[in-house]
Amino acid sequence: MAKKVAPAIGIDLGTTYSCVAVWEHDHVEIIANDQGNRTTPSYVSFAQEERLVGEDAFHNSAIDPLNTIYGVKCLIGRRFSDPSVKEDINLWPFRVLVGANDRPKIVVNYKGEEKQFSAEEISSMVLMKMKQIAETYLSCTVKDTVITVPAYFNDSQRRATKDAGVIAGLNVKRIMDEPTAAALAYGFHKIKDYSKPQNVFVFDLGGGTFDVSLVNIRGGRFEVKATAGDTHLGGEDIDNRVLNYFVDEFLRKYKKDIRNNSRALRRLRSACERAKRSLSTNTVTSVQVDCLYPDIDFCCKLSRDRFDDLNKDLFTKCIELTNQCLKDAEVNKSDVDIVVLVGGSSRIPRVQQLLKEYFGDKKLHRNINQDEAVAYGAAILAAQLSRQGNDMVNKVVLSDVTPLSLGVDIIGDVTSIVIPRNTSVPTKKVKAFTTTTDDQTTVAFKVYEGERLQASKNLLLGMFEISGLSPAPRGVPSIDVYFKIDADGILNVSGKVRSSGEMSKLTITNEESWLRKEEIDKMIKEAEKYRADDEKHKRRFDARRELDNYAYEMRKNVRNLDLLSLVSKSEVKKIEEGICEAISWLDLNEAPAVKASKSKLCELKKICEPIVTEMNSQK
Ligand code: AMP
């Protein structure tokens, strides 16, 4: 590849689709994949001979549902015992097992062997694909990137996403919140017009997650006032509702339960998703799957009203969270200037109708590209962080908030909040704690994230201990606990005894919960191995294809009667036999070694020489 300064890219790593963009020639370019599509399915498929990512993996999902992985954004940074993980597993055709320290492990069969992958590794494969798409377009190696996550992602989910980027060989310059990126995409070209502050409400309903943010824009300053959401609410949940409805219908009509038939479920799910999209423009559609069950073609109508009814509580939840976000931002809905709709699922008419009823018709802004806005905003920030933007890019100042409260447990399993939710980040806060018994020399803290007063009901991020305190009556020693959140929204915690100055540091790369440095290093090596495997396969495939193309081209030529009259009969026979032999060889060898294909090609070229010479002389 030609050497040139590698531009930084923005990647929207979505549950169902991902999108990559770059800042170049003073504008953002959304980069199309090898099929010409501007978004790429976040799918990875482990076929018998090769690993497929993106479009090819998506197409393979109906053929090989057990080894085609999707929706891992619902797993990343979560524990196996998380109830939402259990729910997802029940609906996915592929297997997920509990791994060490309660981490989910995805199980596939690859090249005849059982393999287990973490959600970070599968996500890294999607990220690597997005990196490759950018590299092909830019003709250079790409490293620096901004990856977006739902604003409502917690500390573990953010960390895990960053790890996935590192495993993919990327230098993750920033983890950016999706609604902030969308607000930037919306407001970037209006920076000059915003001398007066504007309240922009971003409503982002994607494939697997829902996020809302109230962003105040003034000049180039984008200040998030509050955020709310649900990391498990999106198009996939909507598809599940429709899927369950039709599985029940099938059972009722044909007395057959397809719940344990992964292939049938996969095919019915795809039909449900298509029906859902169709209902965004039509009031009635049909769900049709030929041979869903041996000898049964399934066809059933679905009206928009029924669809709305099946998803009523999910849509209501979106409005409840909208309400909560405005309340937290202390902004009245009448003070919202514009509502920006992002995420594929925000196209659903009932969702838009509920928003119209809530905010009033005029405020809904649908002109932004719902599927590309997040990557667009990420590319602007990537350009700024790598100093590759223009004056407009440099004018942008972003200020995010932390989505969830962070604190430690105190006596009685009570949460003592150190950083309340919706605090601007980056931030650093300190809170003083003390001992609970006389002569206590060690104090242990558990760090939690969440809104519950009962500490153990929140998410445990990690633990740390301060030891070696001088014996003193309870309540006398003073321990300062520092919470620092960086621009990626990732937390670092440390503690200090005020009298001795002894420091105890906890970086939440918790030994038990998430990936340790050595594991990440191991995964980077594995990822390189997989990439090398893929490239090896590609080289084999290219060499085989060259032989295949040549053999079929020659078969066509040898049937050309004009040419035949010029070549002797015995030569024609020899050529026909040679072609036939090459085609049979191709049929028997699905993935031959490069050398073998090349030598076969050489052999065939020699045999076909008389006919090629004639063809050239006729040109
Ligand atoms: P995103 O994560 O933003 O790419 O959104 C993907 C989700 O949007 C998927 O669940 C799609 O099924 C859904 N989606 C895309 N287009 C439509 C549409 N026209 N109507 C309803 N849902 C859609």
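These notes cover the structure that comes with them.

Cut-offs used in this document
Residues numbered from 1 in each chain as written. Predicted model: local features only at pLDDT ≥ 70, side-chain atom pairs only at ≥ 80, totals over all residues. Heavy atoms only, no water. Core = buried A, V, L, I, M, F, W, Y, C linked by side-chain atoms within 4.5 Å. Buried < 20%, exposed > 50% of the residue type's maximum accessible area, 1.4 Å probe, protein only. Helix = DSSP H or I, 4+ residues; strand = E, 2+ residues; numbered from the N terminus. Domains from an automatic or database assignment. Contact = heavy atoms within 4.5 Å. Pairing = 2+ DSSP bridges. Polar contact = N/O pair within 3.5 Å; in protein donor to acceptor, adjacent residues only side chain to side chain. Phe/Tyr/Trp six-rings, centres within 6.5 Å; stacked < 30°, edge-to-face > 60°. Lys NZ or Arg CZ within 6 Å of the ring centre and 35° of its normal. Salt bridge = Lys/Arg side-chain N within 4 Å of Asp/Glu carboxyl O. Axes fitted to C-alpha atoms, helices over the stretch in contact; angles between N-to-C directions. Near = heavy atom within 4 Å. Areas by Shrake-Rupley, 256 points an atom, 1.4 Å probe, with all protein chains shown as cover. 1 Å grid on protein atoms, 1.4 Å probe; cavity = no way out; pocket = protein on both sides within 12 Å on 5 of 7 lines; lining within 4 Å. Sits in = over half its atoms within 2 Å of the grid points. Nonpolar A, V, L, I, M, F, W, Y, C, P; charged D, E, K, R; others polar. Points joined across faces, edges and corners; volume = space filled by probe spheres on them.

Details of the nonpolar core
Right, on to step 1. Phe 46 and Ile 122 are the most contacted members of the largest nonpolar core, which has 55 residues in total.
Right, on to step 2. Per element, the largest residue contribution to this core is 10 residues, and it comes from helix H3 (residues 119-138).
Right, on to step 3. Taken together, domain 1 (9-233 + 315-399) and domain 3 (519-617) each give at least three residues to this core, which thus spans both.
Right, on to step 4. Residues within four places of Ile 122 in sequence aside, it is in contact with Val 44, Phe 46, Ile 69, Val 72, Ile 106 and Phe 117.
Right, on to step 5. Among the nonpolar cores identified, the runner-up in size contains 51 residues, and Leu 205, Phe 210, Val 212 and Phe 298 belong to it.

Some words on the pairing of strand S28 (residues 491-497)
Right, on to step 1. Burial analysis of S28 places 5 of its 7 residues in the buried class, which makes it a mostly covered element.
Right, on to step 2. In this structure, strand S27 (residues 479-485) lies alongside S28, joined through 7 bridges in antiparallel fashion. Each bridged residue has a counterpart across the sheet, and for Ile 485 the counterpart in S28 is Leu 491.

So, the sheet that holds strand S18 (residues 338-342)
Right, on to step 1. The strand order across the open sheet formed by 7 strands is S19-S18-S13-S14-S15-S20-S23, and the pairing between neighbours is mixed. The outermost strands of the open sheet, each flanked by one partner alone, are strand S19 (364-365) and strand S23 (424-425).
Right, on to step 2. Across 2 bridges, S18 lies against S19 in parallel orientation. Note that in S19 the partner of Val 340 across the bridge is His 365.

Description of the side chain of Gln 440
Right, on to step 1. Mapped onto the elements, Gln 440 comes out in the loop between strand S24 (427-433) and strand S25 (443-449).
Right, on to step 2. Within polar-contact distance, the side chain of Gln 440 engages the backbone oxygen of Thr 442 at 3.0 Å.
Right, on to step 3. In contact with Gln 440, not counting residues within four places along its chain, are Thr 435, Leu 469 and Ala 472.

As for the packing of aromatic side chains
Right, on to step 1. Inspection of the entire model under this criterion finds 20 aromatic pairs.
Right, on to step 2. Seen from their ring centres, Tyr 43 and Phe 58 are 5.0 Å apart, and the 75° between their planes marks the pair as edge-to-face. Residue Tyr 43 is found in the loop between strand S4 (40-41) and strand S5 (44-46), and its partner Phe 58 is found in helix H1 (residues 55-60); the two are separated by 15 residues along the sequence.
Right, on to step 3. The ring of Tyr 186 carries Lys 190 above its face, with NZ or CZ at 4.0 Å from the centroid.

Remarks on helix H5 (residues 178-187)
Structural remark: α-helix, 3.6 residues per turn; residues separated by three or four positions point the same way.
Right, on to step 1. Here H5 lies mainly inside the structure; 10 of its 10 residues are buried.
Right, on to step 2. Inspection of H5 places Glu 178, Pro 179, Thr 180, Ala 181, Ala 182, Ala 183, Leu 184, Ala 185, Tyr 186 and Gly 187 among the buried residues, and these make up the whole buried set.

Structural notes on the pattern of salt bridges
Right, on to step 1. Evaluation of the coordinates by the stated rule reveals 29 salt bridges.
Right, on to step 2. A salt bridge links Arg 259 to Asp 248; the nearest nitrogen and oxygen atoms lie 2.8 Å apart. Pair noted here: Arg 259 is in the loop between helix H6 (235-254) and helix H7 (262-278) and Asp 248 is in helix H6, with a separation of 11 residues, a long-range link.
Right, on to step 3. Judged by its relative accessible area of 37%, Arg 259 is partly exposed.
Right, on to step 4. Here Asp 257 ties to Arg 259 by a salt bridge, and the two come within 4.0 Å at their closest N and O atoms.
Right, on to step 5. Judged by its relative accessible area of 43%, Asp 257 is partly exposed.
Right, on to step 6. Taken together, the salt bridges that share partners define one network made up of Lys 162, Arg 174 and Asp 488.

Points about the sheet that holds strand S26 (residues 459-466)
Right, on to step 1. Taken in spatial order, the 4 strands of this open sheet run S22-S21-S25-S26, and their pairing is antiparallel. Every other strand in the sheet has two partners, leaving strand S22 (414-419) and S26 as the edge strands with one partner each. The average undirected angle you get between the axes of adjacent strands in this sheet is 30°.

Here we look at the site of the ligand
Right, on to step 1. Near the ligand you find 14 residues, and of these Gly 207, Glu 273, Lys 276, Ser 280 and Gly 344 are the closest.
Right, on to step 2. Note that an oxygen atom of the ligand is positioned 3.3 Å from one of the backbone N or O atoms of Ser 345.
Right, on to step 3. Here a nitrogen atom of the ligand and a side-chain polar atom of Arg 347 are 3.1 Å apart.
Right, on to step 4. Relative to its free-state accessible area of 500 Å², the ligand is covered by the protein chains to the extent of 90%.
Right, on to step 5. Here the ligand is seated within the largest pocket.
Right, on to step 6. Among the elements that line the shell around the ligand, the one with the most residues is H7, at 3 residues.
Right, on to step 7. Looking at the shell around the ligand residue by residue, the class counts come to 2 nonpolar, 8 polar and 4 charged.

Focus: the side chain of Asn 240
Right, on to step 1. With respect to the element layout, Asn 240 can be found in helix H6.
Right, on to step 2. Judged by its relative accessible area of 11%, Asn 240 falls in the buried class.
Right, on to step 3. Discounting residues that sit within four places of it in the chain, Asn 240 has contacts with Leu 91 and Arg 269.

Considerations on the layout of surface pockets
Right, on to step 1. Considered as a void within the structure, the largest pocket measures approximately 1000 Å³ in volume.
Right, on to step 2. Looking at the lining of the largest pocket, the elements with two or more residues in it are strand S2 (17-24), H1, H6, H7 and helix H11 (373-385).
Right, on to step 3. Among the elements that take part in the lining of the largest pocket, H7 stands out by supplying 8 residues, more than any other.
Right, on to step 4. Among the residues forming the lining of the largest pocket, the class breakdown is 10 nonpolar, 18 polar and 16 charged.

Comments concerning unusual backbone geometry
Right, on to step 1. Cis rather than trans, the peptide bond between Val 425 and Pro 426 has omega equal to 0°.
Right, on to step 2. On the secondary structure map, Pro 426 appears in the loop between S23 and S24.
Right, on to step 3. Residue Asp 439 is not a glycine yet carries a positive backbone phi of 55°.
Right, on to step 4. The topology assignment puts Asp 439 in the loop between S24 and S25.

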